[in-house]
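Inside the fold
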Amino acid sequence: MHSYTLIAPAKINLYLEIIGDRPDHYHELAMILQSIDLADEIELRSLNTDRIRLHCDHPQVPSDESNIAYQAAELMMRKFPNTFAKYGGVEISITKRIPVAAGLAGGSTNAAAVLVGINLLWKLGLTQSELEELGATLGSDVPFCVAGGTAIATGRGEQLSPLPSLNSIYIVLGKYKSLEVSTPWAYKTYRTQFGDSYIRDSDNLAVRASAVHSGEMVKAILHQDVKEIAQKLHNDLEKVVLPAYPQVLELRETFANAGVLGTMMSGSGPSVFALCESQEHAEQVKQQVKTATNNEDLELFVTQAIAHGIQIAS
Ligand code: C5P
């Protein structure tokens, strides 16, 4: 085959705890990540030249090496020069459905799809864990996007332990199209405001920031109890993003007033999600929030938790 079409799902953070800072300037995290069925479509095709050609139907997504999906193709070319010489370059076509710069790992999942797709195109036979390892060099969320499902993510977010999947949970997701939050800004601001609260070990490395425990969320997931999960939602980055972006705070309050089971910002925002009892409930919440906000700039999606990461489109 000379082309593959892949489904690249978004993720939400059911739990994001900042444990401390790290000497590499990243943050030590304890996260619980969940794939959702809101997904981009990525088509990969071999080219007769040694180029990478990327295009996306979304005007805000760059086509050059600043795009992490482009970087994923460059990485594969660097790592496997002989195979690259045999098969040639790649054309990457992205159909965007995941809102951009939203805290939903839209870029990371595109990069994960490029790794999986080139592995297939070039018949490299890399295992999932080898692809995750390559993905970790591109971005902290890329390994999870390769694997997908429900997982605990520690370290920078790249060390994964799978959890039982939660595929019957319905979620409403909201994102203001014109609103973007920079992830480096969110972490940097957290460090400035809360860095003093880290407990440090003898090497001056931060070891623990707060008394919140991901174990409670893990238990709720093991019980497969959406109400319990909704009560244990947590995101430390809300402490810096909500005060700086009142629209995000307001959206979160609008969701809470719409009678959802629980609501939280995803990742570094600005998207906000809400857990619902059923698909019907989620549709009602979507309508209610749409009417209450009455703002064309707000995109709303009803989506479902899914048990997989990158997949070949059927
Ligand atoms: O790994 P990734 O490139 O997706 O991270 C984007 C930015 O988010 C990093 O440059 C860093 O500023 C911040 N970050 C962090 N700690 C993490 C993950 C991301 O500080 N564990």
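Under an unreviewed UniProt entry, the protein chain has the name 4-diphosphocytidyl-2-C-methyl-D-erythritol kinase and belongs to Scytonema hofmannii FACHB-248. Regarding the protein chain, the relevant UniProt record gives this comment under Catalytic activity (unreviewed entry): "4-CDP-2-C-methyl-D-erythritol + ATP = 4-CDP-2-C-methyl-D-erythritol 2-phosphate + ADP + H(+)". Under Sequence similarities (unreviewed entry), UniProt gives the following word-for-word description of the protein chain: "Belongs to the GHMP kinase family. IspE subfamily."

1. Section: the confidence of the model for the protein chain
When the pLDDT values of the protein chain are averaged, the result is 94; 95% of them are 70 or greater. The ipTM assigned to the predicted complex is 0.96, against a pTM of 0.95.

2. Remarks on helix H4 (residues 128-136)
Considered for burial, the residues of H4 that qualify are Leu 131, Glu 132, Leu 134, Gly 135 and Ala 136. Buried residues along H4 sit against helix H1 (68-79), helix H3 (106-121), helix H5 (142-147) and strand E6 (159-163).

3. Notes on the environment of Asn 235
The residue Asn 235 is located in strand E10 (residues 234-235) in this model. Residues Asn 235 and His 27, spaced 208 residues apart in sequence, show a C-alpha to C-alpha distance of 14 Å. If we skip the residues at most four places from it in the chain, Asn 235 touches Leu 16, Met 264, Met 265, Ser 266 and Gly 267. At 2.8 Å, the side chain of Asn 235 forms a polar contact with the backbone oxygen of Gly 267.

4. Topic: the nonpolar core
If you look at the biggest cluster of nonpolar residues, it comprises 41 residues, and the most contacted ones within it are Met 76, Ile 92, Leu 115, Ile 118, Trp 122 and Leu 138. Among the elements of the structure, strand E1 (3-21), strand E2 (27-46), strand E3 (52-56), H1, strand E4 (90-95), H3, H4 and H5 are those that each provide at least two residues to this core. In this view, Leu 138 contacts Ile 68, Gln 71, Ala 72, Leu 75, Ala 111 and Leu 115; residues no more than four positions away in its chain are not counted. Of all hydrophobic cores here, the second largest spans 34 residues; its members include Tyr 176, Leu 237, Val 272 and Leu 300.

5. Brief notes about the sheet that holds strand E11 (residues 262-265)
With antiparallel pairing, four strands are arranged side by side in an open sheet as E11-E12-E7-E13. At either margin of the open sheet sits one strand with a lone partner, and together these are E11 and strand E13 (298-304). Strand-to-strand twist across the sheet, computed as the mean angle between neighbouring axes with direction ignored, equals 20°. As defined by bridge partners, strand E7 (residues 170-176) adjoins E13 across seven bridges and the pair is classed as antiparallel. Within the sheet, the bridge partner assigned to Tyr 176 lies in E13 and is Leu 298. Sheet strands in contact with helix H10 (residues 246-257) are E7, E11, strand E12 (272-276) and E13, and its direction is about 150° off that of E7. The sheet strands contacting helix H11 (residues 279-293) are E7, E12 and E13, and the helix crosses E13 at an angle near 175°.

6. Describing the pattern of salt bridges
Here the structure, examined in full by the defined rule, presents 12 salt bridges. Residue Glu 277 is joined to Lys 227 by a salt bridge in which the shortest nitrogen-to-oxygen separation is 4.0 Å. Here Lys 227 lies in helix H8 (residues 226-231) and Glu 277 lies in the loop between E12 and H11, a separation of 50 residues in the sequence. A salt bridge links Lys 239 to Asp 236; its shortest N-O distance comes to 2.9 Å. Three or more residues joined by partner-sharing salt bridges are found here, namely Arg 22, Asp 24 and Glu 28.

Calculation notes
- Residues numbered from 1 in each chain as written.
- Predicted model: local features only at pLDDT ≥ 70, side-chain atom pairs only at ≥ 80, totals over all residues.
- Heavy atoms only, no water.
- UniProt positions renumbered as here; feature names shortened; annotations may be inferred.
- pLDDT = per-residue confidence, 0-100.
- Buried < 20%, exposed > 50% of the residue type's maximum accessible area, 1.4 Å probe, protein only.
- Helix = DSSP H or I, 4+ residues; strand = E, 2+ residues; numbered from the N terminus.
- Contact = heavy atoms within 4.5 Å.
- Polar contact = N/O pair within 3.5 Å; in protein donor to acceptor, adjacent residues only side chain to side chain.
- Core = buried A, V, L, I, M, F, W, Y, C linked by side-chain atoms within 4.5 Å.
- Pairing = 2+ DSSP bridges.
- Axes fitted to C-alpha atoms, helices over the stretch in contact; angles between N-to-C directions.
- Salt bridge = Lys/Arg side-chain N within 4 Å of Asp/Glu carboxyl O.

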